[in-house]
Amino acid sequence: MGENMRRVKTGIPGMDEILHGGIPERNVVLLSGGPGTGKSIFCQQFLYKGVVEYNEPSVLIALEEHPVQIRENMKQFGWDVRKLEEEGKFAIIDAFTYGIGSAAKREKYVVNDPNDERELIDVLKTAINDIGAKRVGIDSVTTLYITKPMLARRTVFLLKRVISGLGCTAIFTSQISVGERGFGGPGVEHAVDGIIRLDLDEVNGELKRSLIVWKMRGTSHSLKRHPFDITDEGIIVYADKVLKLR
């Protein structure tokens, strides 16, 4: 099924092997996990490496953290996004500060009311067109519907239509609470093309990181639970290893 579809390389060592070549182009992937599982890092790595390794400009919608903080966090892995922003290859959309504060005044792309999805989509379209983006990350999509869960599926579907319609491939991070079974937000898993779940589980008295691809439209993929590490250069997935949980 569609194995000849163009693939978007994740930029995460080991991940493309698990996806049998990468994420099919224009897919919107839900990256779900509890606190501390590495969702933001995974998303940022996908976007940053997209630019530097594959020359695919990227847009990050920041809903959970100040853009200034995001740039600092990314720098710890050696990812200098400020430079890419200046080169017009990376854009951060500030949907966190509501335009409040002196730092927010310096942001190029600001969504004053993230609850207004029309404003969010307008700013997103502008950013994508300005830099010719091929990748989009939303961190986290949960923030958009936490107060209105019944609209979760609709919100995600709307964003997906816009993003894939503009030829982009996307990762939406999704928060779930510790031990929760689902993927976050009622019906959201049906509105996306792929689901990757990141987990942090206690194994023999120690927390171990692992991930599993639950679904991915347009490609076959590994059905195994693979361990991964967060190193000082980002995430590394061990495609040749399997983590067995009790």
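Residues numbered from 1 in each chain as written. Predicted model: local features only at pLDDT ≥ 70, side-chain atom pairs only at ≥ 80, totals over all residues. Heavy atoms only, no water.

- For the chain, the name recorded in an unreviewed UniProt entry is UPF0273 protein Mefer_0135, with Methanocaldococcus fervens as its organism.
- UniProt lists a comment for the chain under the heading Sequence similarities (unreviewed entry), and it reads "Belongs to the UPF0273 family." (UniProt positions renumbered as here; feature names shortened; annotations may be inferred.)

### Things to note about the packing of aromatic side chains
Okay, so step 1: Throughout the structure, instances matching the rule amount to 2 aromatic pairs.
Okay, so step 2: On the numbers, 5.8 Å between centres and 20° between planes, the contact of Tyr48 with Trp79 is stacked. Separated by 31 residues along the polypeptide, Tyr48 in helix H2 (residues 39–54) and Trp79 in the loop between helix H3 (67–75) and helix H4 (81–86) bring together distant segments of the chain.
Okay, so step 3: We classify Trp79 as buried; its relative accessible area is 2%.
Okay, so step 4: A ring pair is formed by Phe77 and Trp79, whose centres lie 4.8 Å apart and whose planes are at 25°; its orientation type is stacked. Exposure class is identical for Phe77 and Trp79. Each is buried.
Okay, so step 5: Cluster of aromatic residues (ring-pair linked, three or more members): Tyr48, Phe77 and Trp79.
Okay, so step 6: Just above the ring of Phe46 sits the side chain of Arg135; from NZ or CZ to the centre is 4.6 Å.
Okay, so step 7: When the ring centre of Tyr238 is taken as origin, the NZ or CZ atom of Lys241, which lies over that ring, is 4.7 Å away. (Phe/Tyr/Trp six-rings, centres within 6.5 Å; stacked < 30°, edge-to-face > 60°. Helix = DSSP H or I, 4+ residues; strand = E, 2+ residues; numbered from the N terminus. Buried < 20%, exposed > 50% of the residue type's maximum accessible area, 1.4 Å probe, protein only. Lys NZ or Arg CZ within 6 Å of the ring centre and 35° of its normal.)

### Regarding the environment of Trp79
Okay, so step 1: Distance from Trp79 to Glu233, taken between C-alpha atoms, is 8.6 Å for residues 154 residues apart in sequence.
Okay, so step 2: Only 3.4 Å separates the side chain of Trp79 from the backbone oxygen of Phe77, close enough to count as a polar contact. (Polar contact = N/O pair within 3.5 Å; in protein donor to acceptor, adjacent residues only side chain to side chain.)

### Quick notes on H2
Okay, so step 1: Here H2 contains 16 residues, and its C-alpha end-to-end distance of 21 Å stays within 8% of the 22 Å for a straight helix at 1.5 Å per residue.
Okay, so step 2: The buried fraction of H2 is high, at 12 of 16 residues.
Okay, so step 3: Where H2 is concerned, the buried positions are Lys39, Ile41, Phe42, Cys43, Gln44, Gln45, Phe46, Leu47, Tyr48, Lys49, Gly50 and Val51.
Okay, so step 4: Looking one or two places after H2, you find Asn55, whose phi comes out positive at around 55°. (Expected span 1.5 Å × (residues − 1).)

### Quick word on the pairing of strand S11 (residues 226–231)
Each regular strand carries side chains that alternate between the two faces of the sheet.
Okay, so step 1: Where strand S10 (residues 206–216) meets S11, 2 bridges bridge the pair, whose relative direction is antiparallel. Of the residues in S11, the one forming a bridge with Leu211 is His226.
Okay, so step 2: By the bridge criterion, 4 bridges tie S11 to strand S12 (residues 234–237) in an arrangement that is antiparallel. Across the sheet, Thr231 pairs through a bridge with Gly234, a residue of S12.
Okay, so step 3: In textbook terms, the turn of a hairpin is the stretch between consecutive antiparallel strands, and for S11 and S12 this stretch comprises 2 residues. (Pairing = 2+ DSSP bridges.)

### A few points about the UniProt feature "binding site: ATP" (unreviewed entry) in the chain
Okay, so step 1: With numbering matched to this structure, UniProt assigns "binding site: ATP" (unreviewed entry) to Gly33, Gly34, Pro35, Gly36, Thr37, Gly38, Lys39 and Ser40.
Okay, so step 2: Here Gly34 is to be found in the loop between strand S3 (28–33) and H2.
Okay, so step 3: In this fold, Pro35 is placed in the loop between S3 and H2.
Okay, so step 4: If we skip the residues at most four places from it in the chain, Pro35 touches Ile176, Val178 and Leu200. (Contact = heavy atoms within 4.5 Å.)

### Regarding the nonpolar core
Generally speaking, soluble globular proteins have nonpolar side chains that are buried together.
Okay, so step 1: In terms of nonpolar packing, the biggest core is built from 36 residues, with Val59 and Phe172 touching the most fellow members.
Okay, so step 2: Sorting elements by how many residues they give to this core places helix H6 (residues 117–131) first, with 7 residues.
Okay, so step 3: Setting aside residues up to four positions removed in sequence, Phe172 forms contacts with Val28, Val29, Leu30, Leu31, Ile138, Val141, Val156, Leu159, Lys160 and Ile163. (Core = buried A, V, L, I, M, F, W, Y, C linked by side-chain atoms within 4.5 Å.)

### Overview of the pattern of salt bridges
Okay, so step 1: This structure, assessed with the given rule, holds 14 salt bridges.
Okay, so step 2: Salt-bridge contacts for Arg71 lead to Glu85; the nearest nitrogen and oxygen are separated by 2.7 Å. One end of the pair, Arg71, is in helix H3; the other, Glu85, is in helix H4, with 14 residues separating them in the sequence.
Okay, so step 3: Relative accessible area serves as the criterion here: at 19%, Glu85 is assigned to the buried category.
Okay, so step 4: Across the pair Asp193 and Lys160 runs a salt bridge, and its minimum N-O distance is 3.1 Å. Separated by 33 residues along the polypeptide, Asp193 in the loop between helix H9 (188–191) and strand S9 (194–203) and Lys160 in helix H8 (residues 152–165) bring together distant segments of the chain.
Okay, so step 5: Assessed through its relative accessible area of 13%, Lys160 is described here as buried.
Okay, so step 6: Among the ionic contacts, a cluster of salt bridges with common partners joins Arg6, Glu25, Glu56 and Arg135. (Salt bridge = Lys/Arg side-chain N within 4 Å of Asp/Glu carboxyl O.)

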